[in-house]
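# Descriptive structure summary
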Amino acid sequence: MNQIKIHEASEVSRTNMSEPVIDNPGTRTPLLELRGVNKTFGAVQVLHGVDLTVYPGEVVALVGDNGAGKTTLVKSITGIYTADSGEFFFNGAPSHIKSPKDASDLGIEVVYQDLALCDNLDVVGNMFLGREKLRNGLLDEVAMERLARETLAGLNVRTVKTVRQQVSGLSGGQRQTVAIAKAVLWNSKLVILDEPTAALGVAQTSQVLRLVRELADQGLGVVLISHNMNDVLEVADRVACLYLGRMAAIVDAKTSSREQIVELITSGRSAGIGLAHAEHVQI
Amino acid sequence: MTAPVPPDPTMTSAAARAEPTLAGQDFSVDTESLTGSDVIRNYLQRFQRGGDLGLFPALLALSLLTVLFGVLRPESFLSKFNFGNYFTQAAPICVLAMGVTFVLLLGEIDLGAGYSAGVCAAILASRLKADVPLPVALLMAFAAALVMGALVGFMVAKIGVPSFIVTLSTFLSWQGILLLITRDGGTIKIENKAIVAIENKNLSVGVGWTMFVVFAAGYIGFSLLRVLSRRRQNVATTPLSIVALKSAVLVIVGGIAVHQLSAKRGNNLRGVPIVVPLVIGLMIILSFVLGRTAWGRHLYAVGGNTEAARRAGINVARMKMSAFIVGSLMSCIAGIVLASRLNSVDPQTGGNDTLLIAIGAAVIGGTSLFGGRGRIVNAVLGGLVFALINNGLPLLKKIHGIDFSAAGPKFIVNGLILLLFASIDATSRRRAAAN
Ligand SMILES: Nc1ncnc2c1ncn2[C@@H]1O[C@H](COP(=O)(O)OP(=O)(O)OP(=O)(O)O)[C@@H](O)[C@H]1O
Ligand SMILES: [Mg+2]
C-alpha cells in the first residue's frame, strides 16, 4: 500500500522537476506576502522596505551576502523579531505574527541551521517533540511511529532506514532530513530553511535538495536561504536577492544566469534590473 | 560518432542513481518482526557505535562481587541472615539514587539530596514524637520536601544559578536545618510501629510469594500485551523469544530470592523485607513515568539538547523545577527508609557518604552526568552494587593486616569502584566515537 504510493509520488516529482512549476503566479493568492518591511536594531537599519511573495508550490531562494539581512528577515517572518513597519499577508489575509507560536499556528515552520534535534532521542521522538501524540494520557508510540514513517515515505525519503534509530547515529544529511520532515509533519504551509546544506557533502546535499523540491511539489511554499549558487539554481523557482537590507530583485531561476545572480548579490543590480544606483545606497 | 555524455551534475541523476537498491523496502526494519538474534545483534551494535553498555557492567559487577565475597567468606556472606540484611541496606541507596536520576537526566546535580532526606526524616520523627498522627506527620515531611525541591528548582531554572552552586549551598543549609531540628546533635527516636516496620519487619511467607506471583505475572502479562498489540498494528517489536528469556531470568532470580528470604534466618525472622516491594513499586512507577509519558520524554529532551527542547515549545524552566521537586520527594522517601532502618534520626541521617553513594549508584548503573541518558533500573542496579560492596567488605574483616570493616578502607574501595565504572564508560564511549 505504502510502496505503491511512494512510486507514484516519485514519478510526479521527477516530471515536475523538468517542467516549470509556477505557471502564472500573478493569478493566484500568494501564500506569504510582505510589503515594505523595515527593521532596525538601535540606530542600525537592517531591513529597508523589503517586499517578498511566496506562492504555494514554489521554492523561493533567499540570497545575499553575509549581513545582507536574510536571517533578520526570516526571524521577522517567524515572530522572533517584530518588524518596525510593513505589511504581512498570509494566504491573502493580513496577519500579525508576534511570537514563534503565532507563526506555527499559521503553518509556518522553520528548519534552523543548527538543526535543533535531540541526539539522545530517536527519529520518532524528535519528530513529535513537544507535540507528542497521547492515548489515555500516555505516549502513543505506535501512532507516532506510523505517522513518522508515513511522513518520511511520503517525502520519498529513502536514506533513513528505521524511525526507531537514535538521531546521534545519523549522518548530517539524514539529520537534516529528519529536521525537515519534522517541519512538514504539522500540516505546515510554509517551510523556511536557513542554509540547510551548509555542512553537507555532495551526495547528502542532493538528498536534501530533492527533499526541498518534494516539499514544493506537494504544494507547500518553501523559502530557502543559501550561499550556494548551484543549490539555488538547481532547486529554486525564483531567486530573491537581498542587498544591504534592500530587495534588489526577485528573478526567475529558469531564465537567470549564475553571473546575473552573483552580480545582484554583490552590487545590488545587474543589466538593468536591481536597485537604481546601487553603489550609493546608504545603510 | 556521438560525443560522450558529460556527467550530469544535477541532483536528480545523483539521487536516481542511489535509489533503486533501496526503493520498495523503505522502513522494512520497522514493520518486519525481529528475531532473537536481531535483538542481540542490535544490542552489540548499539554498544559498539554508541558506547552504550546499558545494564551490562552493573550486572557483571553484581555477579563478580557475589562470587568474590562468597568464596572469601562463605559462612558469613552467604548466610540467609546476611541475604535479608543486604536488601534493607540497599533500599535507602536505591531510593535516593532513583530520585537523583531525575536531576542527573537534565545534566544537573543535587548535592543537597542527602541532607534533604535527613531533614524530612527529622521532621517526621520530631512530629511523631510530639504525638502528631502519622498521616499528618508524613504530609509535613513531604511538604517540606516539596518546598526544598521547588526552592532549588527555582534558583536553577528561574534565577539561573548553576545547580552545583545552588545545591552546594543547600548541602550546608539543609545540614544546618537538620542540626536545628535534632537540637544540636540529639537523637530523635522513632517509636511509630508502621515506620519502624518498613526496614525491620518482613512480609509473611504467604504474602511474599503472592507478591512474587503478582509482580511476575504483571511483568509477563504487560510484555506480552505490548508485543501482541504492536504486532497487530504492524510495527516492529521485541520478539517473543526475548520476552520469554527476560521473563525466565526474572522469575528464576526472583524466585530464588523469595525462596531464600522465606526460610528462617534468625529468631522468628523470615520473609521478604517490607521495603523490597516498596522499592520495586517505586521503580515500576517511576520507570513508567519516564518512559511512557510526555513529561518523561521532555525530561530526556531537555537533558539531551536544551535549545532543541525550547524550540519544540517545551517549557524548560518548568521541566527543571519539576525534576528537582520529584528528586526531593524521592529524598523524603529515602529519608523515611533511613529513619526506619536506624529507628531514629540524628544529624548524620542522610549525611556522610549517603548522597555520594547514591549519585555513584546512578552513574555506575549507566546514567550520564551530562544529562539525557539514564534509566530508573540503572539507579536500582547501581544501588545494589554499592550495597553489595558495603555489605561484603565488613565481613572480610582483616586481610593482610588491612581491616576492611573500618571506614577508611571502605571509603577507598567505594571511591575506586566509582572511578573504575566511570573509566569503563568513558573508554567505551571514546572507542565508539573513534569508530
Ligand atoms: N540582534 C541584532 N542586533 C544588532 N544588529 C543585528 C542583530 N542581528 C543582526 N544584526 C545586523 O543585521 C545585519 C544583517 O544580519 P543577518 O544575520 O540578517 O544577515 P544574514 O544575511 O543572515 O547574513 P549571513 O549570510 O552571514 O547569515 C548585520 O549587519 C548584523 O550585524
Ligand atoms: Mg544568516
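A quick note: this is a predicted structure, and the numbers were derived from the prediction, not measured.

Let us now look at the pairing of strand β3 (residues 59-63) of chain A. Residues and elements named next belong to chain A. Most of β3 sits inside the fold, with 5 of its 5 residues counted as buried. Of the two faces of β3, the one holding Val59, Ala61 and Val63 and the one holding Val60 and Leu62 are both buried throughout. Pairing of β3 with strand β10 (residues 221-225), which is carried by 4 bridges, proceeds in the parallel orientation. By the bridge assignment, Leu62 is partnered in β10 with Ile225. With 4 bridges joining them, β3 and strand β11 (residues 238-243) adopt parallel strand pairing. Bridge assignment links Ala61 to a residue of β11, and that residue is Val239.

Its place among the elements puts Val276 of chain B in helix α13 (residues 275-292). Along the sequence, Val276 of chain B and Gln260 of chain B sit 16 residues apart, while their C-alpha atoms lie 14 Å from each other.

All names here are of chain A. Along its sequence, chain A is carved into domain 1 (19-107 + 189-283) and domain 2 (118-187). Between domain 1 and domain 2, the C-alpha centre-to-centre distance is 27 Å. In this complex, domain 1 contributes 14 residues to the contact, which on the side of domain 2 involves 15 residues. For the pair domain 1 and domain 2, the two sides together bury roughly 1,200 Å², of which 61% comes from carbon and sulfur. Run the count over domain 1 and domain 2 and you get 0 salt bridges. Linking domain 1 with domain 2 are 1 residue pair in polar contact (both at pLDDT 80 or more), by the criterion used here. Secondary structure elements with two or more residues in the side of domain 1 that touches domain 2: β9 (190-194) and α7 (202-217). If one sorts the elements of the side of domain 1 that touches domain 2 by residue count, α7 sits on top with 7 residues. Here the residues of the side of domain 1 that touches domain 2 are counted per class, giving 8 nonpolar, 3 polar and 3 charged.

This next bit is on helix α6 (residues 172-184) of chain A. Residue and element names in this part refer to chain A. Taking 1.5 Å of rise per residue, 13 residues should cover 18 Å, and α6 covers 19 Å from first to last C-alpha, within 8% of that figure. For α6, the buried fraction is high: 12 of the 13 residues fall into the buried class. Among the residues of α6, those classed as buried are Gly173, Gln174, Arg175, Gln176, Thr177, Val178, Ala179, Ile180, Ala181, Lys182, Ala183 and Val184.

On to the site of ligand 1. Residue and element names in this part refer to chain A. What surrounds ligand 1 is the set Phe41, Val46, Asp65, Asn66, Gly67, Ala68, Gly69, Lys70, Thr71, Thr72, Tyr81 and His227. Within the backbone of Gly69, an N or O atom sits 2.9 Å from an oxygen atom of ligand 1. Interatomic distance of 2.8 Å between a side-chain N/O atom of His227 and an oxygen atom of ligand 1. For ligand 1, whose unbound accessible area comes to 640 Å², protein coverage reaches 59%. The dominant element in the shell around ligand 1, judged by the number of residues it contributes, is helix α2 (residues 70-77), at 3 residues. Tallied by class, the residues present in the shell around ligand 1 amount to 4 nonpolar, 6 polar and 2 charged.

The next subject is the sheet that holds strand β2 (residues 44-54) of chain A. The pairing of strands in a sheet happens through backbone hydrogen bonds and is either parallel or antiparallel. Residue and element names in this part refer to chain A. If you walk across this open sheet you meet the 4 strands as β2-β1-β4-β5, and the pairing is antiparallel. The open sheet has two edge strands, β2 and β5 (93-94), and neither has a second partner. Direction of pairing for strand β1 (residues 32-41) relative to strand β4 (residues 85-90): antiparallel, over a ladder of 5 bridges. From the neighbouring strand, Arg35 faces β4, where its bridge partner is Glu87.

As a further point, take the sheet that holds strand β6 (residues 108-111) of chain A. Residues and elements named next belong to chain A. As summarised here, the arrangement of the 6 strands in space is β6-β9-β10-β3-β11-β12, forming an open sheet in which the pairing is mixed. Bordering the open sheet on either side are β6 and β12 (246-252), each of which pairs with just one other strand. For this sheet the average axis-to-axis angle between neighbouring strands, irrespective of direction, equals 20 degrees. In this structure, β9 lies alongside β10, joined through 5 bridges in parallel fashion. Residue pairing in the sheet places Asp194 in a bridge with Ile225 of β10.

A separate point is the environment of Ala308 of chain B. Note on placement: Ala308 of chain B falls in helix α15 (residues 306-311). Ignoring sequence-local partners within four residues, the contact set of Ala308 of chain B consists of Ala116, Leu117, Cys118 and Leu129 of chain A.

With that out of the way, let us pick up the packing of α13 of chain B against helix α16 (residues 316-342) of chain B. Residue and element names in this part refer to chain B. With their axes 13 Å apart at the nearest point, α13 and α16 run at an angle of 175 degrees to one another. With respect to α16, the element α13 is oriented roughly antiparallel. Two secondary-structure elements touch here, α13 through Val275, Leu278, Leu282 and Leu286 and α16 through Met330, Ile333 and Val337. Grouping the amino acids of the contact of α13 with α16 by side-chain chemistry returns 7 nonpolar, no polar and no charged.

All names here are of chain B. The assigned domain composition of chain B is domain 1 (55-201 + 282-423) and domain 2 (203-272). Relative to domain 2, the C-alpha centre of domain 1 lies at a distance of 25 Å. Taken together, the contact between domain 1 and domain 2 spans 8 residues of the former and 10 residues of the latter. Together domain 1 and domain 2 conceal approximately 710 Å² of surface at their shared face, both sides included; 74% is due to carbon and sulfur atoms. Summed over the three residues of domain 1 that lose the most area to domain 2, namely Lys80, Phe81 and Phe83, the buried surface amounts to 60% of that side. For the pair domain 1 and domain 2, the interface holds 0 salt bridges.

Counting 107 residues, the largest nonpolar core has Val95, Met98, Ile190, Leu299, Val345, Leu384 and Val385 of chain B as its most contacted members. Per element, the largest residue contribution to this core is 15 residues, and it comes from helix α6 (residues 80-105) of chain B. Excluding its chain neighbours within four sequence positions, the residues that come into contact with Val95 of chain B are Val279, Leu282, Met330, Ile333 and Ala334 of chain B. Of all hydrophobic cores here, the second largest spans 55 residues; its members include Val59, Leu185, Leu211 and Val251 of chain A.

In this section: a nonpolar patch on the surface. On the surface, Phe56, Leu60 and Leu64 of chain B cluster together to form a nonpolar patch covering roughly 300 Å² of accessible area. Among the secondary structure elements, Phe56 of chain B is positioned in helix α4 (residues 56-72).

Conventions we followed
Residues numbered from 1 in each chain as written. Chains lettered and ligands numbered in written order. Predicted model: local features only at pLDDT ≥ 70, side-chain atom pairs only at ≥ 80, totals over all residues. Heavy atoms only, no water. Buried < 20%, exposed > 50% of the residue type's maximum accessible area, 1.4 Å probe, protein only. Helix = DSSP H or I, 4+ residues; strand = E, 2+ residues; numbered from the N terminus. Pairing = 2+ DSSP bridges. Domains from an automatic or database assignment. Contact = heavy atoms within 4.5 Å. Buried area = accessible area lost by both parts, 1.4 Å probe. Salt bridge = Lys/Arg side-chain N within 4 Å of Asp/Glu carboxyl O. Polar contact = N/O pair within 3.5 Å; in protein donor to acceptor, adjacent residues only side chain to side chain. Nonpolar A, V, L, I, M, F, W, Y, C, P; charged D, E, K, R; others polar. Expected span 1.5 Å × (residues − 1). Near = heavy atom within 4 Å. Areas by Shrake-Rupley, 256 points an atom, 1.4 Å probe, with all protein chains shown as cover. Axes fitted to C-alpha atoms, helices over the stretch in contact; angles between N-to-C directions. Parallel < 35°, antiparallel > 145°, perpendicular 65-115°, else oblique. Core = buried A, V, L, I, M, F, W, Y, C linked by side-chain atoms within 4.5 Å. Patch = residues over 30% accessible without salt bridge, like charges linked within 9 Å, V, L, I, M, F, W, Y side chains within 5 Å.

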